[in-house]
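# Summary of structural features
For reference, the chains in residue letters:
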Amino acid sequence: MMINKIIFFVFFFFLHLCLFFSSVGIAEQLLGDIEITEKSFTIDASVIETKINYLIDNTITKPKLSITSISGEATSSGDILQISNDKKSIVFGDFTSISASNKVAVVNLNSLILISFSTIITYGLFKSNSRSTTRPLLFIVLLVCISIFNLSNSIQLSEVSIRIDIKVPPTFKFDSLVLILGSGSSKINGLIASSLKVDGCTNSKDHSIELNKISISSELNVCSTKEININDIQLSSTNTILNVTSSSNVNLKFFNGYSGSLSINTNDLTLDSTCETRKDSKTGIITGTCNGGGDNSKLSITATTGKTVLSNVEITCPIDNSWRVTPGTDNIPSSPSIITSQPATDFIFKKSDLIYMAAYGYSNQSITDGPVENSFIVSYPIYIPPINFLVSKIIGSPTFKANVRYQFSISVKLGQPLGDYNRIQNMSLYFFNPRDITDPINGESQYYELKDNIPLFVHTFEGNFTSFTDFASTNIEFTPTVDIGTSIFALRIFRTKYTDSSVVTIIIKDMKFTILSKPVTPQSTLTKDSELVNLPKPSSSFDPQDSSTCPYLATDLVHWHNPSTWPNGVVPSPSSNITLPEGKKVLISPCSISQTEIYKWIKVPLTSELIFADAQMDFNIKDIFVEGKFIMGTTKCRYNSKINVIFHGERTLSDTISQYYGSKGIGVSSSGFISVHGKQYHNTWSKLAASAWSGDYVVYIQDNVNWEVGQKVVVITSYYQDEDNNQNEVMTIAAIQGKTIQFTEPLKFFHYGGQEYQAEIALLTRRITFQSSDVNLFGGHVMVMGEGQFAGLGLIKMGQRNIKARYPLHYHLGKVLKNSYISDCSVTNSYYRCYTIHGTNNVTLTRNVAFDVTGHCYYLEDGVEMDNTISFNLAAYVHPIGRPAAGPSQIGEVFVESDNLRQPADCAASGYYITNAWNTIIGNSASGGWAGYAFPNLDKPIGNHRTVQMIPKAYTTKVFEGNTGHSSGHFFITGATIYVGANLTYNEVDGLLYYDSGRYERFTYKNGTVIYGNEVSMIFNNTKIYLSNFGLGHWGEYVEVVSYESHDNIRSASIFGEAWLSNAIVNGNSNNIARSINFNKQGFQFYDTYVKTVLSNISFRNFIGNPKSLNDEDDNRAIISMTHGDVFKPQGISASRAISFINVAKSQIVGHQVLPTSGSRYFNFIDWDSSITGKKPGQPALVGSHETWYKFDNTCEYNTDWTCHVCEKGNKEIGNIQFIIPGLIDDGVLVYDTPENLNIGNITLFGGGINDRRSTVVTRNQGVTGVSNMGWYLYLKAGSPKYMKIWLSQVVYGQHIFLAVPYPSQTTFVVNSNYIWGSAINYNHLFSMANSAAEVRSGNGTKYYFDGNFLYVKLVNLVLTNDPSEYYQRDGVKVYWVRNSFYITIEATNTVTPPTSDGFFKNLPDNLPSSSL
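Note that residues are indexed from 1 along each chain, following the sequence as it is written. Only residues with pLDDT of at least 70 are given local features in this predicted model, and only at 80 or more are side-chain atom pairs given and counted; all residues enter the totals for whole chains, interfaces and linings. The basis for every side-chain value is the complete set of non-hydrogen atoms in the structure, without hydrogens or water.

## A few points about the environment of Glu477
Our working definition: A run of DSSP states H or I qualifies as a helix once it reaches four residues; a run of E qualifies as a strand once it reaches two. Both are numbered from the N-terminal end. Remark: exposure states derive from per-residue accessible area (1.4 Å probe, protein chains only) relative to the maximum for the residue type, with buried under 20%, exposed over 50%, and partly exposed in between. Here a residue-residue contact requires only that any non-hydrogen atoms of the pair lie within 4.5 Å. Polar contacts, as counted here, are pairs of nitrogen or oxygen atoms within 3.5 Å of one another; within protein the pair requires one atom able to donate a hydrogen and one able to accept it, and residues that are adjacent in sequence qualify only if both atoms are side-chain atoms.
Relative to the helices and strands, Glu477 is located in strand E29 (residues 472–478). Its relative accessible area of 41% is what places Glu477 among the partly exposed residues. Counting along the chain gives 68 residues from Glu477 to Ser409, while the straight-line C-alpha distance between them is 8.7 Å. Discounting chain neighbours no more than four positions away, the residues touching Glu477 are Arg405, Tyr406, Gln407, His459 and Leu516. Side-chain polar atoms of Glu477 contact the side chain of Arg405, separated by 2.7 Å.

As structure tokens, this is what we get:
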């Protein structure tokens, strides 16, 4: 029993202690806010530990104190402070001891609980103990005493610690602020006051003091036993008194110098040389004046035991309005001479550069990290063959010239002592065409066997491969017999035996190629950039300048750093929201602002201007909003200095600039104006004048430039699949002399500079830059709703990924501007686009560069943007967002707007994204991207312009002249560098954008007015495309491509609708060794249905046969057919004239694939002058497919290489009719089935002396194409129909088809002609019965004849008049319309031999009609 009592007692005793100590250690809590109503205010915190912060709070309009308890018992501000009656001061102290009643009032709950439990429990434990009456009483007394102790110590100031946050609105100014302090610290930032007193000495307690960016106009008194730090103090009057006393060190830095007297008593003084001082030899006090200030302001410092540092005492930024910083001059770094000898260059292969390949026995552990730098371990598992390859993942680096010596080096150490299984017999250098080896980059397999693949070059060597203890080096020289460009290097290691049951390893170090040193000799360079097309260039003259107009010279400017500029007489703190004073032009000089601190927000009101001096400076900023003017150079006063604006801010969707303007950047309202003009570099980009090879330090360019030593340039790729293998190289200029440039490092890749085309080289560096702190793909942006002029500006890491309207440079809803442009700027490493025109017309983008950009680059946003000029710009290395649009056919894919793809068309990002073609696009170049130039179809505008009544896709090209593009189109099977296709729509239901990347028709009209007869073509003049999938892909209905060069494209063009390609060079293979040698090339593919294509004056070149081609259509052929399907059937829709061939074997001129499809059977084109076929020079020839159906007379010959018939055309044309037979061939129904199931009969030539079968298959899909002015005999397996309708889709004027169909004897017929658009008598006829088949054939096409075996009908399109609307004619070549508007119906009746229930006359003999007809 006694033990239980003791246990209970102990338990409650410790409970008491817990309650006691819990009352001492409370958590940090806000005690309350106190509004400051007076501008003269005193805080006496001398008896309490205090941490004071002075804060600028943009969310409040009146100042206040926020009191927070850090430690101690205080639960409200009333416990520890009193406010004076006049509201001018507060005093901290122990206000719980004023009276007994006040003391009782603060008894806390813990004390009451503790007293109660102590008394009750103690009494209960001991009241039954009769042997002792004093022990319970003692314990009760003890516990009560402890409780009283707890009660009496409910607040002890020595245990209380508080934080005082003095919060004031921006620009608030104290008349007087007095701080009387005990222990703690004070950090006062941005205070504005006439007088400030900080007293940390009276109570002799340690209190550290830090004052940052404060402004004092009358008096400052600071005293502390600790170190005092005062940074960037402003003296806003010329008679300010400063007294600073410390028992430690004093560090005092002025904002813009100090002018006045000084008296300093210190142990150690560091002082600017601008002060004249003397030291009293007795007292040691230093006195004097600074900056000639005399007795104006007075500075007194006492730090007898510490050090004193006075900095920035010199007035570097005079406030006199006439003062100007010395403007920047065009200091061009001197260039050393171009080297005359090029040093050797090593290309080292590391583990990450290689993949192990073999017949088997490979894994991801076959190559692992080695023991030393530039080493790796090759592991051979048990029982594997003796041959393996170490295959490079770097395609095309280095490149090698034929007949030039190079060096290969390798150091080898065996992982085990030399034996039978790790003995290396030899190694070989292999260089493969990429198509002949497993893909080392994107392939998932490591399998490879040499088999019958013939490498580009092989060199086998032996070496020192036997050492187990040390690395043994082998150095060999080799001389390639061919140029080696786009290739995959593989090192073959040949061991003497298979491995056995033990793992074998080999350690390789310093495996490298060396391009040996060589003299640098001037090369022969190009004198023109093109053989055929005319690529315009910008004017060679510089923009005229007039330094007297420079904005910083104006006499009505005020200085940012002058306190009198600002309404409160204080230069604003970077951390505050800054609004320029109304009606003032404020000049920023480098000394005006902090070069390191981040300015939060600056507003330029409507009547104000913010003008920058032409001087080197860094300006860190979050947001700028311009309603007035922002000037950093002008059209006639370009700045020479390096000005760097850095935007800061975390990713957000909030509008911190202003409503609708977003965050982290510059917003210019519709009333505003911005002008940024840095030094003009011209040209901003050029092209190589000669090819540059791996290891070259020196390149030659075509144009004169004023580029400088130390600047960055990019040499653009000469490789096809740009996104997969980045061969763009950013280089630094080491020397420049005229058109010769030397780099600080050698080139890694080959860059082509031949006559066909040349790699671009572009200047990236600008003297004025806007760039961003790198935060989560969230860069700065510039959005201009008013007039904006930008020139010589570099933008780095700008744009905000997947946030609309947050682009590097962006004209936004400006409507029609008068004088806005972006010229000679550069955008690099952009997170989202480069240059955007949105809802704005009459803007010029010219001579700009963009490199390494994500999303569409030059971007016309909504489809309403017209009459803009985009000229002489370069876009390079453009990246789609997310997975690039692909698809197995021309249909493409659909992408929907999402957070990860805000503009779904960015899945097909292009260099130039042109939603409305009515703009001037001239002299530009595009490299990389899904496409180079994208013309998406918009049925109506999107975005802010959804309600605008217009059809953007109905507008044709205003001007598209002299543009080039390359290295794009490879993501999509029908992708192209110029891509007129895809569809972008806004879904009214879910409010999202939908982008379909595939084929969409596009009708274009004059002025965009959709009226029949108003149709016009999209015209592309003087265009050069190279290293592309399709050079130009056009799904529109009207297109003309005149003066065109196509080099190294998989296909030169795919043009749809009414299309003319003229005056062109179509070159399958250039001399570029980096070209896509692993792809076959086709010059041009004639489309299979419902188009009109004319080719004229075209030179096809360098289509070399490839024996490994899958078929003739896949081979390197100049002209190929489209044979893939049965549902779409060729008509007479293709013709050519004046076609020539250079280095094209006759076998490679035409590629026709023989397939059981109507596309293959009906392939044809007219060689208008026999320039392709050589049939009869100057006369038209007809080329038809492999079917004897096209052998219509004795002039026809079968070309076995082409698998086509070639005939003299004579008076023939290509005709097309479409049988509609219910249940067999249904109108408008597409049937997909096997060739066997599609085959329903044959159609055969007859008459004209033809006695043999010259037939082709008729299928269930409507349409038969053949030679007109001939007899066509139709025989169907199902029998002849009792009813059929025949569309005369293409029976051209003056032509006919003499149709014969078998029927049983005694059949009678009703034959009618009909025109769907009218009922005029000369169109609609009831045919009459002729007396003979010959009479029908010689008639006008309104009679028929039945001889008891065959029904004869002459098919003539009675509607046609040979009007120009009936054909498409260009360059003397005609292609006729295909129209389903006139048809003939045949109804057959026979009561003797009636048709079966399915409507067919069965069991008819299949005999040819007479050959004499």
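## Regarding the nonpolar core
Going by this rule: The set of buried Ala, Val, Leu, Ile, Met, Phe, Trp, Tyr and Cys residues whose side-chain atoms join them within 4.5 Å is what this entry labels a nonpolar core.
Grouped together as the largest cluster of nonpolar side chains are 108 residues, with contacts concentrated most on Trp560, Phe770, Phe790 and Phe935. Ranked by residues supplied to this core, first place goes to strand E38 (residues 617–626) with five residues. Apart from the residues lying within four places of it in its own chain, the contact partners of Phe790 are Ile674, Val676, Val782, Val784, Leu809, Tyr811, Tyr821, Ile822, Ser823 and Cys825. The next biggest cluster of nonpolar side chains, apart from the first, holds 60 residues, and it includes Tyr1190, Ile1286, Tyr1368 and Ile1386.

## A look at the pattern of salt bridges
To keep things clear, this is the line we draw: Only one rule defines a salt bridge in this text: a Lys or Arg side-chain nitrogen within 4 Å of an Asp or Glu carboxyl oxygen.
Inspection of the entire model under this criterion finds 47 salt bridges. Linking Lys512 and Asp346 is a salt bridge whose minimum nitrogen-to-oxygen distance equals 3.4 Å. Linking Lys512 in strand E31 (residues 504–515) with Asp346 in strand E21 (residues 345–349), this pair joins segments that are 166 residues apart in sequence. Note that Asp703 is salt-bridged to Lys537, the shortest N-O span being 2.8 Å. With Asp703 in the loop between strand E44 (698–700) and strand E45 (712–715) and Lys537 in the loop between strand E32 (518–519) and strand E33 (557–559), this residue pair connects regions lying 166 residues apart in the sequence. Residue classification places Lys537 among the partly exposed positions, given a relative accessible area of 42%. Look at the salt bridges and you will find they share partners, linking Lys213, Asp232, Lys253 and Glu597 into a network.

## Overview of the pairing of strand E22 (residues 354–357)
The following threshold applies: For two strands to pair, DSSP has to find at least two bridges joining them.
Both faces of E22 are covered, namely the face carrying Leu354 and Tyr356 and the face carrying Ile355 and Met357. Summarising the sheet, E22 and strand E25 (residues 387–392) pair through four bridges and their orientation is antiparallel. From the neighbouring strand, Met357 faces E25, where its bridge partner is Phe389.

## Quick look at the state of the cysteines
Where we set the bar: In what follows, a disulfide is any cysteine sulfur pair within 2.5 Å.
If you walk through the whole model with that rule in mind, you get six disulfides. Covalent S-S linkage joins Cys317 and Cys591, the inter-sulfur distance amounting to 1.4 Å. Classification of the bridge connecting Cys317 and Cys591 rests on its S-S torsion, roughly 85°, and on that basis the disulfide is right-handed. Of the two residues, Cys317 sits in the loop between strand E19 (297–311) and strand E20 (341–342) while Cys591 sits in the loop between strand E35 (585–588) and strand E36 (598–604), which places them 274 residues apart along the sequence. Taking relative accessible area as the criterion, Cys317 reaches 0% and is therefore assigned buried. A sulfur-sulfur distance of 2.0 Å marks the disulfide that ties Cys1196 to Cys1207. Judged by the sign of its S-S torsion, about 115°, the cystine formed by Cys1196 and Cys1207 is right-handed. Pair noted here: Cys1196 is in the loop between strand E80 (1181–1184) and strand E81 (1197–1199) and Cys1207 is in strand E82 (residues 1204–1208), with a separation of 11 residues, a long-range link. In this structure, Cys1196 and Cys1207 share a single accessibility class: buried. Counting only the cysteines that take part in disulfides, in the order they occur along the protein chain, gives the pairing 1-2, 3-4, 5-7, 6-8, 9-10, 11-12. Residue Cys825 stays outside any disulfide, its sulfur separated by 11 Å from that of Cys834, the closest cysteine. Looking at Cys825, the relative accessible area reads 0%, which means it is buried.

## Details of the packing of aromatic side chains
Our working definition: Working definition: rings of Phe, Tyr and Trp (its six-membered ring) pair if their centres are within 6.5 Å, and the pair is stacked with planes under 30 degrees apart, edge-to-face with planes over 60 apart, and tilted otherwise. The criterion for a charge sitting over a ring is simple: Lys NZ or Arg CZ within 6 Å of the ring centre, and within 35 degrees of the ring normal.
A complete count under the given rule lists 74 aromatic pairs for this structure. Centre to centre, the rings of Tyr1367 and Tyr1376 are 6.0 Å apart; their planes meet at 75°, and the pair counts as edge-to-face. With respect to burial, Tyr1367 and Tyr1376 carry one shared label: buried. Put simply, the rings of Phe349, Phe400, Tyr406, Phe408, Phe431, Phe457, Phe461, Phe478, Phe489 and Phe513 pair up and form one aromatic cluster. Looking at Arg495, its charged tip hangs above the ring of Tyr380, at a distance of 4.2 Å from the centre. If you follow Arg946 out to its NZ or CZ, it ends over the ring of Tyr986, 4.1 Å from the centre.

## Some remarks on the sheet that holds strand E28 (residues 457–461)
For clarity, the cut-off: To get an axis, fit a line to the C-alpha atoms, keeping to the stretch in contact for a helix; angles then go from 0 to 180 degrees between the N-to-C directions.
Pairing within the open sheet is antiparallel, and its five strands lie in the order E22-E25-E30-E27-E28. A strand with exactly one partner marks an edge of an open sheet, and here the two such strands are E22 and E28. Strand-to-strand twist across the sheet, computed as the mean angle between neighbouring axes with direction ignored, equals 20°. With five bridges connecting them, E25 and strand E30 (residues 488–495) associate as antiparallel partners. Counted as the bridge partner of Val391 is Ala490 from E30.

## Concerning the confidence of the model for the protein chain
The following threshold applies: Confidence per residue, as judged by the predictor, is encoded in pLDDT with a range of 0 to 100.
Put simply, the protein chain has an average pLDDT of 92, and 94% of its residues get 70 or more. Within the model, the stretch residues 5–25 combines pLDDT values under 50 with 26 contacts to residues more than four positions away or in other chains. A low-confidence stretch, residues 125–134 stays under pLDDT 50, and its non-local contacts, those more than four residues away or across chains, total six contacts.

## With respect to the side chain of Ser1170
The topology assignment puts Ser1170 in the loop between strand E79 (1164–1167) and E80. Side-chain polar atoms of Ser1170 contact the backbone oxygen of Lys1176, separated by 3.1 Å. With residues up to four places along the chain from it excluded, the contact list for Ser1170 reads Lys1175, Lys1176, Pro1177, Gln1179, Pro1180 and Ala1181.

## Quick notes on unusual backbone geometry
Trans is the common state for peptide bonds, and a negative phi is the common state for residues other than glycine. With an omega of -5°, the peptide bond between Ser397 and Pro398 qualifies as cis. Mapped onto the secondary structure, Pro398 falls in the loop between E25 and strand E26 (406–414). The linkage connecting His682 with the following residue, Asn683, adopts the cis geometry, with an omega of 0°. Within the secondary structure, Asn683 is located in the loop between strand E42 (673–677) and strand E43 (685–687). Here Asn829, not a glycine, exhibits a phi torsion of approximately 50°, which is positive. With respect to the helices and strands, the residue Asn829 is situated in strand E54 (residues 826–830). One non-glycine residue, Thr1203, lies in the positive phi region at around 50°. Relative to the elements of secondary structure, Thr1203 occurs in the loop between E81 and E82. When its relative accessible area of 12% is taken as the criterion, Thr1203 is described as buried.

## Some remarks on the sheet that holds strand E84 (residues 1239–1246)
Spatially, the seven strands line up as an open sheet ordered E85-E84-E87-E90-E95-E94-E93, and their pairing is mixed. Looking at which strands have only one partner, the edges of the open sheet turn out to be strand E85 (1255–1259) and strand E93 (1328–1329). Looking at chain direction, E84 and E85 are connected through five bridges and run antiparallel. Bridging from a neighbouring strand, Ile1243 pairs with Thr1256 of E85.

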